[in-house]
Amino acid sequence: MTSLSQQETFDCRKIFAETLIELARQDERIVAVCNDSVGSSNLNDFKKEFSDRLINVGIAEQNMIGVAAGLANSGFIPFVSCAGPFLSGRALEQVKADVAYNMYPIILCAQSPGMSYGELGPTHHSIEDFSWIRALTDITLLSPADPKQTKDAILWAVRANKPVYMRINRFKIPQTTPNNAPFEVGKALVLKEGKDVTLITTGILVPRALEAAVLLEQQGISARVLNMHTINPLDKKAILAAASQTRGIVTMEEAITTGGLGAAVAEVVVEHHPTKMRILGVSHFAPTGSASFLLDHFGLSVENIVKSACELAR
Amino acid sequence: MAKVQEVLNNNDKDRLLKLSQIASEIRVDIVNTIAAAKMGHIGGDFSVTDILVSLFFGVMNYKSQDPNWADRDRFILSKGHCAAALYSVMAKAGYFKHEQLGEFMKPLSFLGGHPNRRKLAGIEANTGPLGHGLPIGVGCAIGAKLAKKSYRTFVILGDGELQEGSNWEAAMYAGHRKLGNLMAIVDRNRLQQGAGTEDTNSLDPLADKWRAFGWDTYELNGHCFEELLKVMEAPSTGKPKVIIANTIKGKGVSFIENRVEWHHKVPSAEQNIQAIKELTHS
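Note that the structure is predicted; figures quoted are calculated from it, not measured. (Residues numbered from 1 in each chain as written. Chains lettered and ligands numbered in written order. Predicted model: local features only at pLDDT ≥ 70, side-chain atom pairs only at ≥ 80, totals over all residues. Heavy atoms only, no water.)

1. A short note on the UniProt feature "domain: Transketolase-like pyrimidine-binding" (unreviewed entry) in chain A
- Summarizing the sequence annotation, UniProt attributes the feature "domain: Transketolase-like pyrimidine-binding" (unreviewed entry) to residues 10-175 of chain A in the numbering used throughout.
- End C-alpha to end C-alpha, residues 10-175 of chain A measures 8 Å, and it is 43% helix and 17% strand. (UniProt positions renumbered as here; feature names shortened; annotations may be inferred. Helix = DSSP H or I, 4+ residues; strand = E, 2+ residues; numbered from the N terminus.)

2. Brief notes about the sheet that holds strand E7 (residues 189-192) of chain A
Residues and elements named next belong to chain A.
- Spatial ordering of the open sheet is given by E7-E9-E8-E11-E12, a layout of five strands whose pairing is mixed. At either end of the open sheet lies a strand with only one pairing partner, and these are E7 and strand E12 (276-282). Across the sheet, the axes of successive neighbouring strands diverge by a mean angle of 20°, strand direction being ignored.
- Pairing of strand E8 (residues 197-201) with strand E11 (residues 248-256) involves four bridges; the strand directions are parallel. For Leu199, the partnering residue across the bridge sits in E11 and is Val250.
- Here helix H9 (residues 236-245) sits on the sheet in contact with E8, strand E9 (223-227) and E11, set at roughly 170° to E9. (Pairing = 2+ DSSP bridges. Axes fitted to C-alpha atoms, helices over the stretch in contact; angles between N-to-C directions. Contact = heavy atoms within 4.5 Å.)

3. Quick word on the domain arrangement of chain A
All names here are of chain A.
- The domains assigned to chain A are domain 1 (4-168) and domain 2 (189-313).
- Put simply, the middle of domain 1 and the middle of domain 2, counted by C-alpha atoms, are 26 Å apart.
- Listed per partner, the contact involves 26 residues of domain 1 and 34 residues of domain 2.
- For the pairing of domain 1 and domain 2, the buried interface totals around 2,300 Å² over both sides, and the portion due to carbon and sulfur atoms is 59%.
- The three residues of domain 1 that bury the most area against domain 2 are Met115, Ile127 and Arg134, which together make up 29% of that side's buried surface.
- Taken together, domain 1 and domain 2 are joined by two salt bridges.
- For Glu254, the salt bridge is made with Arg167, and the minimal N-O distance between the two is 3.6 Å.
- At the junction of domain 1 with domain 2, the criterion picks out 15 residue pairs in polar contact (both at pLDDT 80 or more).
- Mapped by element, the contributors of at least two residues to the side of domain 1 that touches domain 2 are helix H6 (129-134) and strand E5 (140-142).
- A class-by-class count of the residues in the side of domain 1 that touches domain 2 yields 12 nonpolar, 10 polar and four charged. (Domains from an automatic or database assignment. Buried area = accessible area lost by both parts, 1.4 Å probe. Salt bridge = Lys/Arg side-chain N within 4 Å of Asp/Glu carboxyl O. Polar contact = N/O pair within 3.5 Å; in protein donor to acceptor, adjacent residues only side chain to side chain. Nonpolar A, V, L, I, M, F, W, Y, C, P; charged D, E, K, R; others polar.)

4. Structural notes on the packing of aromatic side chains
- Applying the stated rule across the entire model yields 10 aromatic pairs over all chains.
- Ring centres of Trp168 of chain B and Trp210 of chain B lie 5.1 Å apart, and the angle between their planes is 50°; on these two criteria the pair is classed as tilted. Linking Trp168 of chain B in helix H6 (residues 165-177) with Trp210 of chain B in helix H8 (residues 206-212), this pair joins segments that are 42 residues apart in sequence. With respect to class, Trp168 of chain B is no different from Trp210 of chain B; both count as buried.
- Three or more aromatic residues joined by ring pairs form one cluster here, namely Phe56, Tyr62, Phe75 and Tyr95 of chain B.
- Arg167 of chain A extends its terminal NZ or CZ atom over the ring of Phe130 of chain A, reaching a point 4.0 Å from the ring centre.
- Its guanidinium or amino end placed over the ring of Phe46 of chain B, Arg27 of chain B lies 5.9 Å from that ring's centre, counting from NZ or CZ. (Phe/Tyr/Trp six-rings, centres within 6.5 Å; stacked < 30°, edge-to-face > 60°. Buried < 20%, exposed > 50% of the residue type's maximum accessible area, 1.4 Å probe, protein only. Lys NZ or Arg CZ within 6 Å of the ring centre and 35° of its normal.)

5. Focus: the sheet that holds strand E4 (residues 107-111) of chain A
Residues and elements named next belong to chain A.
- Read from one edge of the open sheet, seven strands run E2-E1-E3-E4-E6-E5-E10, paired in mixed fashion. Looking at the sheet topology across the chains shown, the edges are occupied by strand E2 (54-56) and strand E10 (230-232). The sheet shows a mean angle of 20° between the axes of neighbouring strands, taken without regard to direction.
- Pairing between E4 and strand E6 (residues 164-168): five bridges, direction parallel. If you follow Leu108 over to E6, its bridge partner there is Tyr165.
- Its contacts with the sheet put helix H1 (residues 12-26) on strand E1 (30-34), strand E3 (77-83), E4 and E6, and the angle it makes with E1 is roughly 140°.
- On top of the sheet, helix H3 (residues 61-73) reaches E1, E2, E3 and E4; it is set at about 165° to E3, its chief contact.

6. As for the pairing of E9 of chain A
Residue and element names in this part refer to chain A.
- In terms of burial, E9 is largely enclosed, as five of its five residues are buried.
- A two-sided burial pattern is seen for E9, the buried positions comprising Ala223, Val225 and Asn227 on one face and Arg224 and Leu226 on the other.
- Across three bridges, the pairing between E7 and E9 is antiparallel. Its bridge partner being in E9, Leu189 is matched across the sheet by Asn227.

7. A closer look at the environment of Asp50 of chain B
- Following the sequence through the fold, Asp50 of chain B ends up in helix H3 (residues 42-59).
- A sequence separation of 198 residues divides Asp50 of chain B from Ile248 of chain B, and the C-alpha atoms of the two residues are 11 Å apart.

8. What to know about the packing of H3 of chain B against helix H4 (residues 83-93) of chain B
Residues and elements named next belong to chain B.
- Remark: H3 packs on H4, axes separated minimally by 9 Å, with the N-to-C direction vectors making an angle of 30°. Our classification of the angle between H3 and H4 gives roughly parallel. The chirality of how H3 crosses H4 is right-handed. In this structure, H3 uses Asp45, Val48, Leu52, Val53, Phe56 and Phe57 to contact H4, whose residues at the interface are Ala83, Ala84, Ala85, Leu86, Val89, Met90, Lys92 and Ala93.
- Each residue belonging to the contact of H3 with H4 can be placed in one class, and the counts come to 12 nonpolar, no polar and two charged. (Parallel < 35°, antiparallel > 145°, perpendicular 65-115°, else oblique. Left-handed = near helix turned anticlockwise from the far one by under 90°.)

9. With respect to the side chain of Thr127 of chain B
All names here are of chain B.
- Of note, Thr127 is situated in the loop between H4 and helix H5 (133-146).
- On the accessibility criterion, Thr127 (3% relative accessible area) is buried.
- A polar contact of 2.7 Å, which involves the side chain of Thr127, links it to the backbone oxygen of Leu77.
- Ignoring sequence-local partners within four residues, the contact set of Thr127 consists of Ile76, Leu77, Ser78, Gly80, His114 and Pro115.

10. Details of H4 of chain B
All names here are of chain B.
- In terms of burial, H4 is a largely internal element, 10 of the 11 residues being buried.
- For H4, the set of buried residues is Ala83, Ala84, Ala85, Leu86, Tyr87, Ser88, Val89, Met90, Ala91 and Ala93.
- A positive backbone phi angle near 100° is found at Gly94, which sits one or two residues after H4.

11. Points about the confidence of the model for chain B
- Taken residue by residue, chain B gives an average pLDDT of 94. The fraction at 70 or more is 96%.
- Within the model, pLDDT remains below 50 along residues 1-8 of chain B, and this stretch shows seven contacts once partners closer than five positions in the same chain are excluded. (pLDDT = per-residue confidence, 0-100.)

12. Comments concerning unusual backbone geometry
- In the segment running from Asn232 of chain A into Pro233 of chain A, the intervening peptide bond is cis, with an omega of 0°.
- Relative to the helices and strands, Pro233 of chain A resides in the loop between E10 and H9.
- Cis geometry is adopted by the peptide bond preceding Pro205 of chain B, which originates at Asp204 of chain B and carries an omega value of 0°.
- Its location among the elements puts Pro205 of chain B in the loop between helix H7 (197-200) and H8.
- Despite not being glycine, Leu108 of chain B shows a phi value in the positive range, around 65°.

Dropping the structure here:
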């Protein structure tokens, strides 16, 4: 078997742009709304084909979200495409009031989320989005792991008729989702069965969790791996199954740990089936470094995932 | 300008008188609604009343019995705290029954302290935090153009609200896109919650600011139906239009007018009687 680290890797922005164009050809209601991010959102081809349906408001994120709400009011399905930190952070009150509270069918596409702008520093990292958007319970919060899930998430969102927030990863990753795996919103994808410990992961950390599971197997520890691609609504059933059937849960996310995926899992576990947990993620503003360096720095390396799992499985 | 004159000639006395009567009834409804709920924003409600009445009973196309009619003109009350005024107008326009105004701010009511489209059909946007209405209105106006529809979008803004930067993001973009199907009306009562706008963070020269952002800009008496209709009904020049409507906060009741403390003060039983007396005898 080829190790995941040797497989071809992908940037999800390409499939995002291609899928959007496919959809726009079929449905005149599809519009793209962005903040001077035509290039970084990979929307140049969309612009060529649908120049009037690309609404570029310039560098003005609050207005961008409001304009999307107005377009939704007029019967359009806006895909708002914007670098993660400015989409969730700069316009958070608009996301709350104009999108979530109005319950408009707007798809918020957080480009280059997490720490993918590594060296540019914390101002350009979007690690708080899980916590912030999860608090807006009317927004479905998706964190696809690879291009296949990104495409599936977009195809689901366009028909959902409600607010959706999704990460569009820039960090290159291999495909980990089997070609025949359905994308079921609110239902974790079981990538590997296991009976000793459960690794609950999401987004670009899915390959690292799978690699850790292989190493754990070599040490005689059977690790279950769940790709929790939907952060809200959370798959409580899968979490409780993990809590009751394995000896502990390690969560890992490219996000701040206060209020993110690990916290969400802990809320479920602590109330219904207390078990041991390790919550791996970003703990504070990052120092300078590449995305990959920063993941390791914050304990999201394969080695540390293995170490954390071993502590629980013992 | 000839076209403006034509419109003006159509504004016969009967029409203006009717609007004036409606406005008087609306103000009575507002004061009763707020007195019953013991909550509300009476000062701003009264300053914006005549603007709302002009739009709902003079200018806008809508079907209150079919509130989601696709071709309706869009209306957004960006100063959402003046919900009592909007509800009073919507009740009179037939969106819901007049007696339901008594539900205002009651537990689980569909008439909350700020408008909610998930509870009341006809509300286009849930406002309350300031600076949200104009960006949404810009989106509606772009949407109408993209869909090749002829409906127009109207947004009422508070003047204090213009201290929120998001309004200027939206104003800049509306000017850039030449959204001639968009109209903003600023309720220029010159008072915000705690003091005068010019004492807090001055807005003047307000008309110059809008003009610089590419808007057709008008200043008028926001309690004069003739002026309001004349400008609201004047054909678009292809630019977004803004009306700076000079108003009096608390307009219509002597002891409320122009007093900063009446931003959200609630009238006592005696004051309620006095207010209704003034509103019905003027």
